Amino acid sequence: MNVELELPTQPITATDRIPRLATELEVLDHVCRRALKLAQTARERGMTIGRRPSGVAAGCLYLAAQRVGFCLSQQQIADVAGTSPNTLRSRRDELLEIEAET
């Protein structure tokens, strides 16, 4: 429809995907907010370039949940995000590297 109306479209980002994933996974609000902060940091550091937003969002949610002790399995998150547990772990590891640098 945007094409028909000649409206500009913005690419979907991890921060766009996190709220939907959090709702589907019934994640607590503070976990979602933490994941959004992680996604913003990842974007600022260039980690999202060339990465699928769903994989980055999944990694952010997984790490945020781990940090606060909220139990979510890698498979649960990967299934809802439409990615693989391996991708989720890769994005989580990249986020951990960013955290270690600061």
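Every value quoted in this text rests on a predicted model; they were computed, and no experiment measured them.

Novice: Can you walk me through the state of the cysteines in this structure?
Specialist: Each disulfide consists of a covalent bond between the sulfur atoms of two cysteine residues. Under the definition given, this model contains zero disulfides. Free cysteine: Cys32, not disulfide-bonded; nearest cysteine sulfur from Cys60 at 11 Å.

Novice: Just to check I follow, could you spell out the packing of helix α5 (residues 74-81) against helix α6 (residues 85-101) for this structure?
Specialist: To describe two helices that pack against each other, one gives the angle between their axes and the distance between the axes. Between α5 and α6, the least distance of the axes is 8 Å, while the angle of their chain directions is 105 degrees. Classified by the angle their axes make, α5 and α6 are roughly perpendicular. For the pair α5 and α6, contact is made by Gln74, Gln75, Ile77 and Ala78 and by Pro85, Leu88, Arg89 and Arg92, respectively.

Novice: Sorry if this is basic, but what is going on with the nonpolar core here?
Specialist: Generally speaking, nonpolar side chains in soluble globular proteins are found buried as a group. Core analysis: the largest hydrophobic core is formed by 28 residues, its most contacted members being Ile18, Val27, Cys60, Leu61, Ile77 and Leu95. When contributions to this core are tallied by element, the ones reaching two or more residues are α2 (14-24), α3 (29-44), α4 (53-68), α5 and α6. If one sorts the elements of this core by residue count, α4 sits on top with nine residues. Ignoring anything within four residues of it in the chain, the contact list for Leu95 reads Leu38, Ala42, Met47, Gly59, Cys60 and Leu63.

Novice: Even after reading the chapter, I still don't get the environment of Thr13, so can you show me in this structure?
Specialist: Considering the arrangement of structural elements, one finds Thr13 in the loop between α1 (2-5) and α2. Expressed as a C-alpha distance, the spacing of Thr13 and Ser54, which sit 41 residues apart in the sequence, is 8.1 Å.

Novice: Sorry, what's going on with α5 here?
Specialist: A turn of α-helix holds 3.6 residues, and therefore any two residues three or four places apart point the same way. Considered for burial, the residues of α5 that qualify are Gln74, Ile77, Ala78 and Ala81. Buried residues of α5, seen end-on, are gathered within an arc of 100 degrees and therefore sit on one face of the element. For α5, the elements touching its buried residues are α2, α4 and α6.

Novice: I keep staring at the pattern of salt bridges and nothing clicks. Help me out?
Specialist: Oppositely charged side chains may form a pair once their charged atoms are brought near each other. Under the defined criterion, the tally for this structure stands at five salt bridges. Close ionic contact of Glu94 with Arg51 constitutes a salt bridge, the shortest N to O distance being 2.9 Å. Taken as a pair, Glu94 in helix α6 and Arg51 in the loop between α3 and α4 lie far apart in primary sequence, 43 residues in all. Ionic pairing is found between Arg92 and Asp93, a salt bridge with its closest N-O pair at 3.1 Å. Classification of Asp93 as partly exposed rests on a relative accessible area of 35%.

What counts as what
- Residues numbered from 1 in each chain as written.
- Predicted model: local features only at pLDDT ≥ 70, side-chain atom pairs only at ≥ 80, totals over all residues.
- Heavy atoms only, no water.
- Disulfide = S-S within 2.5 Å.
- Axes fitted to C-alpha atoms, helices over the stretch in contact; angles between N-to-C directions.
- Helix = DSSP H or I, 4+ residues; strand = E, 2+ residues; numbered from the N terminus.
- Parallel < 35°, antiparallel > 145°, perpendicular 65-115°, else oblique.
- Contact = heavy atoms within 4.5 Å.
- Core = buried A, V, L, I, M, F, W, Y, C linked by side-chain atoms within 4.5 Å.
- Buried < 20%, exposed > 50% of the residue type's maximum accessible area, 1.4 Å probe, protein only.
- Arc of directions from axis to C-beta.
- Salt bridge = Lys/Arg side-chain N within 4 Å of Asp/Glu carboxyl O.

Don't take any of this as a statement about function, it's just geometry.
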